[in-house]
Amino acid sequence: MKQPSPEKTETGADGREIDVEAVLRGDHAAFEQLVRQESPRLFRLILRFVRDDEEARNVMQETFLQAFKRLHTFRRESKLTTWLYAIGINQARAAVRKKRRYTTLEEQDIERLQPAFAQGMYVDRYEAWNPQQVAERSERSRLVHEAIEQLPDTYRTVVVLRDLEGLSTAEAAAVLEISEGAVRVRLHRARQALRALLDKYFR
Amino acid sequence: MNLLDQLRHVFKRPLMCEDVNHFLALYLEGALDPKTHARFEGHVQRCPNCNTFLDQYRQTVELVREDEIADPPPELIELTLAFLRKHLENGQNDAG
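Here the structure is a predicted model, which means the values were calculated and not measured.

Q: Can you walk me through the interface of chain A and chain B in this structure?
A: A common measure of how large an interface is: the accessible area buried when the components associate. Between chain A and chain B, the contact holds 49 residues from the first and 42 residues from the second. Across the chain A/chain B interface, buried area totals approximately 4300 Å², and carbon plus sulfur atoms make up 64% of it. Its largest share of buried area at the contact with chain B, chain A owes to Gln61, Tyr122 and Arg191 of chain A, together 15% of the area lost on that side. The interface formed by chain A and chain B contains five salt bridges. A salt bridge links Arg48 of chain A to Asp67 of chain B, with the nearest nitrogen and oxygen atoms 2.7 Å apart.

Q: Looking at this structure, I do not really get the packing of aromatic side chains. What am I missing?
A: All names here are of chain A. By the definition in use, this model includes 10 aromatic pairs over all chains. Each ring, one from Phe117 and one from Tyr122, has its centre 4.8 Å from the other, and the planes form 35°; the classification is tilted. Tyr122 sits in the buried class, given a relative accessible area of 5%. Ring geometry for Trp129 and Phe202: centres 5.6 Å apart, planes at 75°, overall edge-to-face. Of this pair, Trp129 sits in the loop between strand 4 (121-122) and helix 6 (137-150) while Phe202 sits in helix 9 (residues 180-202); the two residues are 73 residues apart in sequence, bridging distant segments of the chain. Across the pair, Phe202 and Trp129 agree in class, each one buried.

Q: Whenever I open this one, the pattern of salt bridges confuses me. Can you help?
A: Working definition: two side chains of opposite charge can pair if their charged atoms are close together. Residues and elements named next belong to chain A. Following the criterion strictly, the structure yields 23 salt bridges over all chains and no others. Its salt-bridge partner being Arg76, residue Glu21 comes within 2.7 Å of it at the nearest N-O pair. Of this pair, Glu21 sits in helix 1 (residues 20-24) while Arg76 sits in the loop between helix 3 (53-69) and helix 4 (80-99), and the two are 55 residues apart along the sequence. Using a relative accessible area of 21% as the deciding quantity, one classes Glu21 as partly exposed. Among the salt bridges present, the one from Asp199 reaches Arg195, with a minimum N-O distance of 3.9 Å. Taken together, the residues Asp199 and Arg195, both in helix 9 and four residues apart, mark about one turn of the helix. Like Asp199, the residue Arg195 is buried in the burial classification.

Q: So what exactly am I meant to see when it comes to the domain arrangement of chain A here?
A: All names here are of chain A. Under the domain assignment, chain A is made up of domain 1 (6-99) and domain 2 (107-202). When each unit is reduced to the centre of its C-alpha atoms, the spacing between domain 1 and domain 2 is 26 Å. Domain 1 puts 13 residues into the contact, and the matching count from domain 2 is 14 residues. Both sides of the domain 1 and domain 2 interface together cover about 1400 Å² of buried area, and 54% of this is carbon and sulfur. The tally of links from domain 1 across to domain 2 stands at four salt bridges. Glu165 serves as the salt-bridge partner of Arg44, at 2.7 Å between the closest nitrogen and oxygen. Taken together, the links from domain 1 to domain 2 amount to five residue pairs in polar contact (both at pLDDT 80 or more). Among the elements of the structure, helix 2 (28-50) and helix 4 are those that each provide at least two residues to the side of domain 1 that touches domain 2. Classifying every residue of the side of domain 1 that touches domain 2 by side-chain character gives five nonpolar, two polar and six charged.

Q: In this structure, what is going on with helix 3 of chain A? I would like to understand it.
A: In an α-helix, one full turn covers 3.6 residues, which means residues spaced three or four apart are oriented alike. In a regular helix each residue adds 1.5 Å, so 17 residues correspond to 24 Å; helix 3 of chain A covers 24 Å between its end C-alpha atoms and thus fits that length. Considered for burial, the residues of helix 3 of chain A that qualify are Glu55, Ala56, Val59, Met60, Gln61, Thr63, Phe64, Leu65, Gln66, Ala67 and Phe68 of chain A.

Q: For this particular structure, what's the right way to read the nonpolar core?
A: What tends to happen in soluble globular proteins is that the nonpolar side chains get buried as a cluster. In this structure, Phe31 and Val50 of chain A are the most contacted members of the largest nonpolar core, which totals 71 residues. Take this core: its biggest share by element is 11 residues, from helix 2 of chain A. Two domains each put at least three residues into this core: domain 1 (6-99) and domain 2 (107-202) of chain A. Counting 19 residues, the second largest nonpolar core, distinct from the first, contains Tyr126 of chain A together with Leu32, Phe53 and Tyr57 of chain B.

Q: So what exactly am I meant to see when it comes to a negative patch on the surface here?
A: Residue and element names in this part refer to chain B. Together, Asp55, Glu62, Glu66 and Glu68 line one region of the surface with negative charge. With respect to the secondary-structure elements, Glu68 resides in the loop between helix 5 (48-65) and helix 6 (74-95). On the accessibility criterion, Glu68 (66% relative accessible area) is exposed.

Reading the values: rules and limits
Residues numbered from 1 in each chain as written. Chains lettered and ligands numbered in written order. Predicted model: local features only at pLDDT ≥ 70, side-chain atom pairs only at ≥ 80, totals over all residues. Heavy atoms only, no water. Contact = heavy atoms within 4.5 Å. Buried area = accessible area lost by both parts, 1.4 Å probe. Salt bridge = Lys/Arg side-chain N within 4 Å of Asp/Glu carboxyl O. Phe/Tyr/Trp six-rings, centres within 6.5 Å; stacked < 30°, edge-to-face > 60°. Buried < 20%, exposed > 50% of the residue type's maximum accessible area, 1.4 Å probe, protein only. Helix = DSSP H or I, 4+ residues; strand = E, 2+ residues; numbered from the N terminus. Domains from an automatic or database assignment. Polar contact = N/O pair within 3.5 Å; in protein donor to acceptor, adjacent residues only side chain to side chain. Nonpolar A, V, L, I, M, F, W, Y, C, P; charged D, E, K, R; others polar. Expected span 1.5 Å × (residues − 1). Core = buried A, V, L, I, M, F, W, Y, C linked by side-chain atoms within 4.5 Å. Patch = residues over 30% accessible without salt bridge, like charges linked within 9 Å, V, L, I, M, F, W, Y side chains within 5 Å. Areas by Shrake-Rupley, 256 points an atom, 1.4 Å probe, with all protein chains shown as cover. Lys, Arg positive; Asp, Glu negative; His and termini not counted. Charge placed at Lys NZ, Arg CZ, Asp CG, Glu CD.

Below, the structure is given as structure tokens:
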């Protein structure tokens, strides 16, 4: 069987090859393979936004449909999967905007949760954490999950892409269409905000 | 990296806690150049507050990474493929 040349393929979320050329030709079997490989990660990404299984399913299906219809617009400036995640996140954001069911922190809250400095030194004294003191692992998980949920979309997305899905800074930048520097700044600010939110539980 | 080049230029003076804070993410990624890495660690060893903050920052990242959500059920993939076939066939019929 003829193998596709390396530059015409990319590695999917499950580590297997995606035949990008065949997908772009509109080959249904290749696109089906893309759906099989990328559904789990795409579903998780979308669910982080819409927070409802049923809605995440609908948004994911619509994402694949839109992607298939828009294959001719893929410019090869990023990986095909990166382009797919961008469509998914945009679809999820649109779905959330329609409903507006959840309140999250505002930009000024994120600023307030950053450490303060005076003459280059921390203003506050920090006490060592011991998350194990929250004995139940499920309780720890709940506290962390709720803290992530409180982040505004712009910060939560970066945390999800980088820390949870393990995308590189460059890939996250391509998905969000922002600079790598902006990804780094948002990730750092998001982690510092999460640290501050969790501090009271784990000291 | 532009940011690093800029900061390296600024950092002819000793690192302050605020400088160390700016470098936390790059430090955890192992992305600091060897000289800055050594200065970072030197500061953290001497500064208990930075040491504690680094530990909290590292634990935050580890705790976040444990916040996994379940994969979709396997039937979702088949339902998605059925959805796509239906819509794409309809699209072709519409076009024809």
